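# Architecture and fold: a report
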Amino acid sequence: MSCKSFRYIAAVSTLLIFFVLGGNAFAQNRSSLEKEKAKIEKEIKKLNKDLSNVRADKKLTTKQLNALNKKIKEREKLIKNINAQLGIINQEISVTQDSIRMLKSQIDSMKAEYAKIIRALYRERIYLTRMGIVFDSKDFNQRYLHRKYFREYSNYRKHQAELIDARQSQLSNVSRNLEKRKNEQAGFLAQEQANKKQLNTEKKQKEQSIKTYDKKAQDLQAQLKQKEKQARQLQQQIQKIINEEIRKAQEAKKKQQTANAGKTGTATTNTSSNTLALTPQEQALSKDFQSNKGRLPWPVEKASVVREYGVYRHPSGGQIMNNGLEIVTSIGGSVRSVFQGEVAKVFTGPNQQKVVFVRHGDYFTVYTDLENVVVKEGTKVATKQKLGTVHTNDDNKAEFNFQIWKASECQNPRNWLLR
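Residues numbered from 1 in each chain as written. Predicted model: local features only at pLDDT ≥ 70, side-chain atom pairs only at ≥ 80, totals over all residues. Heavy atoms only, no water.

### What about the confidence of the model for the protein?
For the protein, mean pLDDT is 76; residues scoring 70 or higher make up 69% of the total. Scored below 50 in pLDDT, residues 1-6 makes nine contacts in the model with residues more than four places away or belonging to other chains. (pLDDT = per-residue confidence, 0-100. Contact = heavy atoms within 4.5 Å.)

### Digging into the nonpolar core
Residues L296, V356, Y367 and F402 are the most contacted members of the largest nonpolar core, which totals 26 residues. Within the residue set of this core, elements represented by two or more residues are α5 (280-291), β4 (324-329), β7 (354-360), β8 (363-373), β10 (386-390) and β11 (398-406). Those residues in contact with L296, other than ones at most four positions away along the chain, are F289, V338, F339, I404, W416, L417 and L418. Within the second largest apolar cluster, 16 residues are counted, among which are I241, I246, L278 and F364. (Core = buried A, V, L, I, M, F, W, Y, C linked by side-chain atoms within 4.5 Å. Buried < 20%, exposed > 50% of the residue type's maximum accessible area, 1.4 Å probe, protein only. Helix = DSSP H or I, 4+ residues; strand = E, 2+ residues; numbered from the N terminus.)

### Let's talk about the environment of K77
Topologically, K77 is positioned in helix α2 (residues 61-123). Relative accessible area serves as the criterion here: at 40%, K77 is assigned to the partly exposed category. Along the primary structure K77 and E36 are separated by 41 residues, whereas in three dimensions their C-alpha atoms are 9.5 Å apart.

### Here we look at the pattern of salt bridges
Going through the model one piece at a time under the given rule, you end up with seven salt bridges. Among the salt bridges present, the one from E244 reaches R247, with a minimum N-O distance of 2.3 Å. Placement of both E244 and R247 in helix α4 (residues 140-264) is noted, with a separation of three residues, approximately one turn of the helix. Look at E244 and you get partly exposed, because its relative accessible area is 33%. Classification of R247 as partly exposed rests on a relative accessible area of 36%. Linking R414 and E308 is a salt bridge whose minimum nitrogen-to-oxygen distance equals 2.7 Å. With R414 in the segment after β12 (409-411) and E308 in the loop between β1 (304-307) and β2 (310-313), this pair connects stretches of sequence that are 106 residues apart. Connected through shared salt-bridge partners, E244, R247 and E251 make up one network. (Salt bridge = Lys/Arg side-chain N within 4 Å of Asp/Glu carboxyl O.)

Quick look at the structure:
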């Protein structure tokens, strides 16, 4: 075998070894990227589901915006992942094309050398026959060397043919691998284009969501201001009604004292302007109410307090006093009196919902935001007797405010209700 053939075999063997080892490294990198890609696609699928749930409730625009932001980030990661895999495929294609060029060059050289051997053998066909070797040799040693040379040359020719077939087979395998990589490349390019298109759509959705969010934020701000205004107006109404009840009770007490003074000749006594003048029955009721502090039943069977008693800062700025407990209950839930007493007042609040006052001696309990009322002013009520049903607001919540007053001083209902 010639030195030239050995050089070709060594060169292509080196290239094939590099191709195999490089292919293993490419495969490991691609396997890692494929796992990452599957994870990202799973996260995007989950975000799509979350967005579908969020869109069902048009009031959750903030969640929708957050989900879109996260989805866009995941989509960008997916495109980056696909580009990385495309980079690996492009490297594989480049290496494969180099292998194909090397194999073709080697096959062409081997074919040329093989043709040269065939031509040489054809020219020397007479002298290379066994009988020709015998008659052309001067002695036994020369005949032996000639025969050995003939045998090795024939074996070399066969080996060259086998090498050409092997290289042709390798070329076919490498060519098929190249075609496979090109198909994968086309697939990833299509994925990249589709994801870029989807990314543009999601960015437009985000822009629209921001516009919608800003509009809803403005509307919400206006609604909050309106509700806060109504809350202040309601408190003014409540305070006015309590003051009126105190005034009426004091006037009734004063008339009674004047009548008694005329009969007995005793002087009338002045009553404090912020306390109620009570009859003996009302004094007993007040004492009974006081003795049940911490044991009063809740005004609804199912209660969830969403705002406690006290001063809080409202979203539009400034502070406001919550004179009771803001309670959410089941939709259509009944509101009941927490203690026996008399309905002192039923009126319509600033939000067009009903408000009920129940007097318990010198104590009042107040129940706001009622859809309808089943009692009238002057009605005697028992503990847990139904007063009406809670109004369901625009947020689809049955929410109302419950207050307790001792004359003109508001109390923390938490201290009075059963723990």
